[in-house]
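Single-letter residue listing:
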Amino acid sequence: MSTSPASSGQPMSTRVNTATELTAMGLGAVAYTAVAGIALLVFGFDDAPIAGEGSVGTYAALASAVATMLAFAAGRYALHLRGGPRISGVLDVVDVAVLALAHGVIALLGWTLVARIMAESFIDATVFWLPILALSGAAAAVSAYVAFLSATHLDAQLLAVVLATFLVLGIIASMLTASDPHWWEENLSSLGITSDLSALAFNLTLIVAGFLLTVLARYATRAIPTAEDSSVGRVRLTLIVIGVFLGCVGIFKVDTQFWIHTAVASGMAIAYAVLTIRLKAWIPGISRAFLPVGWLFFGVIFVLAVMFAIGYYTLTAVELVAGVLIFAWIILFLRTVGALDADVGRDEPPASS
């Protein structure tokens, strides 16, 4: 009768997946203990509201964000020590910092939205001191656990999901906290023109998402099969241009720098169009079934832009749909390239000994 590796006394140092899982759980336990202990100092034995100023939701969101960033950085460093992707230059350090910040903001916005929803479900309710410790600690533990595993399993596909999640949570948080309930009558960028927390969240979301997309461009184009180095460089440059322009949309406000804001927003659409049109020439082996998806998405964006020009649609609708389609295409592109890489790798004959 055969025995499993675990039962045969295999040392833990050779069981990488088990060691990674145990480390993630250990970091979660540390985060739980630290955040719950600090919560006792912050709240004492007093009650607290679910959401808003001085609430358990705000504390849990902030504490989870810090725990998430630290856990993600620890995960990337663990890979570095294990001989995985090396952190060897300034760009690598910037990549880790931006990714850690993005994960932290996702935790911050995610738990803030959860707290707000729960507050709307339990109107005027308060939380006793013991549940404050348990809930805030649990939020930080889950966040740290997920962030560490995300760092140790990060690839282009997962990074695309992180980018999409970051954008969705950031935009929704800005919408829910907007001081002007009729912001949508102007345009999506009007979320970023005020001086309140909503505008800060909106602009910061776009800026960090732009950095994320430039990081994504490096990850996604490190090894594209069936493509020459010069073509890979063009794909990478186009994705970087989209990321830089996305960040500039958050930097240049539509009310004070209208023409710059409009130029970079339009530049995103132009760069996307160039990428979809030239994709077959740059990556010859890419699936023919995928190419019409980009053309269809660009056609929809163009039609919506025309409808806005004739006054049929609001600019907000055009911006929302265009953003969703562009980033949906980027996610599909990354998965398609990943599938191509896997297929080409399988087709290659094994190296002779």
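Each chain has its residues counted from 1, running along the sequence as written. Under the rules for a predicted model, residues below a pLDDT of 70 receive no local features and side-chain atom pairs below 80 are neither given nor counted, while totals for whole chains, interfaces and linings still include all residues. Side-chain figures throughout are based on the complete set of non-hydrogen atoms in the structure, without hydrogens or water.

A. Region of the structure containing the packing of helix H3 (residues 90–121) against helix H5 (residues 156–177). Throughout, an axis means a line fitted to C-alpha atoms (over the contacting stretch in the case of helices), and angles, computed between N-to-C directions, take values from 0 to 180 degrees. Think of it this way: any DSSP run of H or I at least four residues long counts as a helix, any run of E at least two long counts as a strand, and we number them from the N terminus. At a minimum axis distance of 9 Å, the contact between H3 and H5 shows a crossing angle of 45 degrees. The orientation of H3 relative to H5 falls into the category oblique. Crossing handedness for the pair H3 and H5: left-handed. Of the residues in H5, those touching H3 at Leu99, Ala102, His103, Val105, Ile106, Leu109, Gly110, Leu113 and Arg116 are Leu159, Val162, Thr165, Phe166, Leu169, Gly170, Ile172, Ala173, Leu176 and Thr177. In the scheme used here, Gly and all other residues not listed as nonpolar or charged are polar, with Ala, Val, Leu, Ile, Met, Phe, Trp, Tyr, Cys and Pro taken as nonpolar and Asp, Glu, Lys and Arg as charged. Within the contact of H3 with H5, the residues separate by chemical class into 13 nonpolar, five polar and one charged. Any angle between 65 and 115 degrees counts as roughly perpendicular, while under 35 counts as roughly parallel, over 145 as roughly antiparallel, and the rest as oblique. The hand of a helix crossing depends on one turn: near helix anticlockwise from the far one by less than a right angle means left-handed, and clockwise means right-handed. Any pair of residues with heavy atoms lying within 4.5 Å of one another is described as a contacting pair.

B. Structural detail: the layout of surface pockets. Empty space within the largest pocket amounts to approximately 1100 Å³. Lining the largest pocket are 37 residues, with Val318, Glu319, Leu320, Ala322 and Gly323 positioned closest to its centre. Mapped onto the lining of the largest pocket, the elements with two or more residues apiece are H5, helix H6 (197–220), helix H7 (229–251), helix H8 (258–282), helix H9 (291–309) and helix H10 (315–347). Broken down by element, the residue count for the lining of the largest pocket peaks at eleven residues, all from H10. The residue inventory of the lining of the largest pocket, partitioned by class, reads 30 nonpolar, six polar and one charged. A pocket, in this scheme, is an open set of points on a 1 Å grid over the protein atoms alone with protein on both sides within 12 Å along at least 5 of 7 lines, while a cavity is a set where a 1.4 Å probe fits but cannot get out; residues line either one if an atom lies within 4 Å of a point. Grid points are joined across faces, edges and corners, and a volume is the space filled by probe spheres set on the points.

C. How the structure looks around a nonpolar patch on the surface. A cluster of nonpolar residues, Phe302, Val303, Val306, Phe308, Ile310, Tyr312 and Tyr313, forms a patch on the protein surface that exposes about 730 Å² of accessible area. Within the fold, Phe302 resides in helix H9. Exposure is judged per residue with a 1.4 Å probe applied to protein chains only, and the accessible area is read against the type maximum: over 50% gives exposed, under 20% gives buried, and values in between give partly exposed. Overall, the relative accessible area of 53% leaves Phe302 in the exposed class. Nonpolar side chains (Val, Leu, Ile, Met, Phe, Trp, Tyr) within 5 Å and like charges within 9 Å form the patches, drawn only from residues with over 30% relative accessible area and no salt bridge. Shrake-Rupley sampling with a 1.4 Å probe provides the accessible areas, and residues are treated as covered by the protein chains on show and by no other component. Salt bridges are identified by distance alone: a Lys or Arg side-chain nitrogen within 4 Å of an Asp or Glu carboxyl oxygen.

D. Just unusual backbone geometry, in detail. Located in the positive-phi region is Asp124, a residue other than glycine, with phi close to 70 degrees. Turning to its location among the elements, Asp124 is positioned in the loop between H3 and strand S2 (126–127).

E. Spotlight on the nonpolar core. Only buried residues count toward a nonpolar core. Its members are Ala, Val, Leu, Ile, Met, Phe, Trp, Tyr and Cys residues joined through side-chain atoms within 4.5 Å. Counting residues in hydrophobic clusters, the biggest one holds 86 residues, and the most contacted among them are Leu279, Trp329 and Phe333. Residue contributions to this core peak at eleven residues, all from H6. Dropping the residues within four chain positions of it, Phe333 is found in contact with Val235, Leu239, Leu279, Ile283, Ile286 and Phe290.

F. Local environment of the packing of aromatic side chains. Pairing of aromatic side chains here covers Phe, Tyr and the six-membered ring of Trp, requires ring centres within 6.5 Å, and sorts the geometry by plane angle: under 30 degrees stacked, over 60 edge-to-face, intermediate tilted. The final tally for this structure, using the stated rule, is five aromatic pairs. With centroids separated by 4.9 Å and ring planes inclined at 80 degrees, the aromatic side chains of Phe45 and Trp129 adopt a geometry described as edge-to-face. Here Trp129 lies in helix H4 (residues 129–152) and Phe45 lies in the loop between helix H1 (16–43) and strand S1 (48–49), a separation of 84 residues in the sequence. The rings of Tyr272, Phe290, Trp329 and Phe333 are connected pair by pair, giving a single aromatic cluster.

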